[in-house]
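The chain contents come next:
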Amino acid sequence: MHKDLEILIKLQSVDSFIVERKRDQREIPERLDGLKRELEKAKKEFEKAKNTKKEIALQRRSKEKLLDELAEKIADRKARLFKVKTNEEYAALLREIESFKEEISNTEDEIIILLDKDEEMDKVIEEAEKRVKELEALLKQEEAKCRELTEKIDKELEEALKEKERLWESLDSRLKRLYEKLKATKGSAVARAANQTCHGCFTELPPQLFLEVKKGETITQCPFCGRILYYWEEKSSTDEG
Ligand SMILES: [Zn+2]
């Protein structure tokens, strides 16, 4: 194969490697975004659970206060029972006492429900806290991995850029210009030719030109897209026999 053609092929492959790795490098921080969002969500759930527990405790305290008030009211009505003068007044006080007792019983039931809820919230809080800690540890791990990957890519890019410079310097200025121009206008300067076709623009090549490319002794451009052609064809099973 023509020496320059070999260099051009390598140059293009180094170029696309550089583009790919630069893209990979840009994508690294995005890897952490999902995890960071998950952690924020877990933290919010943890806070929410703690607030619910506080709310339950407040409700319980107010119900306990109510129980005290009701007990005082009952004591008050019982004391009054000895002072009333009529049967009607006596009956009215007894009814009041009964209704306070009923309220006490209902309030006690409500307190039991709140105690159950409080116990449930302890479990929820425990789970939420565990989740936060797990995600924090995972994020730390992933951040370390990302740092490692960034360093690895930095090194690879440095080597690739050196290699590119070395290849570039070995080309003459005419080929340098051609390569730059094709890369700028077509996205790639070198294209594979196979099955009589340019794989840059997928147009069928004239037979004579294809033969020239196949020999690989000259720098040949596709007459349609201008890309520099090289021959490489996968051997099909029929060719092998
Ligand atoms: Zn072409």
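Residues numbered from 1 in each chain as written. Predicted model: local features only at pLDDT ≥ 70, side-chain atom pairs only at ≥ 80, totals over all residues. Heavy atoms only, no water.

(A) Molecular detail of the packing of helix 1 (residues 3-81) against helix 3 (residues 173-186). For the pair helix 1 and helix 3, the least separation of the axes is 12 Å and the interaxial angle reads 40°. When the axes of helix 1 and helix 3 are compared, the pair comes out oblique. Of the two possible hands of crossing, helix 1 and helix 3 adopt the one that is right-handed. Contact residues: Asp4, Leu8, Leu11, Gln12 and Asp15 in helix 1; Leu175, Tyr179 and Lys183 in helix 3. By residue class, the composition of the contact of helix 1 with helix 3 is four nonpolar, one polar and three charged. (Axes fitted to C-alpha atoms, helices over the stretch in contact; angles between N-to-C directions. Helix = DSSP H or I, 4+ residues; strand = E, 2+ residues; numbered from the N terminus. Parallel < 35°, antiparallel > 145°, perpendicular 65-115°, else oblique. Left-handed = near helix turned anticlockwise from the far one by under 90°. Contact = heavy atoms within 4.5 Å. Nonpolar A, V, L, I, M, F, W, Y, C, P; charged D, E, K, R; others polar.)

(B) Structural view of the environment of Glu151. Its location among the elements puts Glu151 in helix 2 (residues 87-169). Given a relative accessible area of 54%, Glu151 falls into the exposed group. Taking C-alpha positions, Glu151 is 79 Å from Ala75, a pair spaced 76 residues apart along the chain. (Buried < 20%, exposed > 50% of the residue type's maximum accessible area, 1.4 Å probe, protein only.)

(C) Local environment of the domain arrangement of the protein. Parsing the protein into structural domains produces domain 1 (20-169) and domain 2 (173-240). Each of domain 1 and domain 2 has a C-alpha centre, and these two points are 65 Å apart. (Domains from an automatic or database assignment.)

(D) Spotlight on the nonpolar core. Core analysis: the biggest nonpolar cluster contains 36 residues, and Leu8, Leu11, Leu171, Tyr179, Val190 and Ile228 have the highest contact counts within it. When residues of this core are traced back to their parent elements, those giving at least two are helix 1, helix 2, helix 3 and strand 5 (228-231). With 14 residues, the single largest contributor to this core is helix 1. If you count residues domain by domain, this core takes at least three from each of domain 1 (20-169) and domain 2 (173-240). (Core = buried A, V, L, I, M, F, W, Y, C linked by side-chain atoms within 4.5 Å.)

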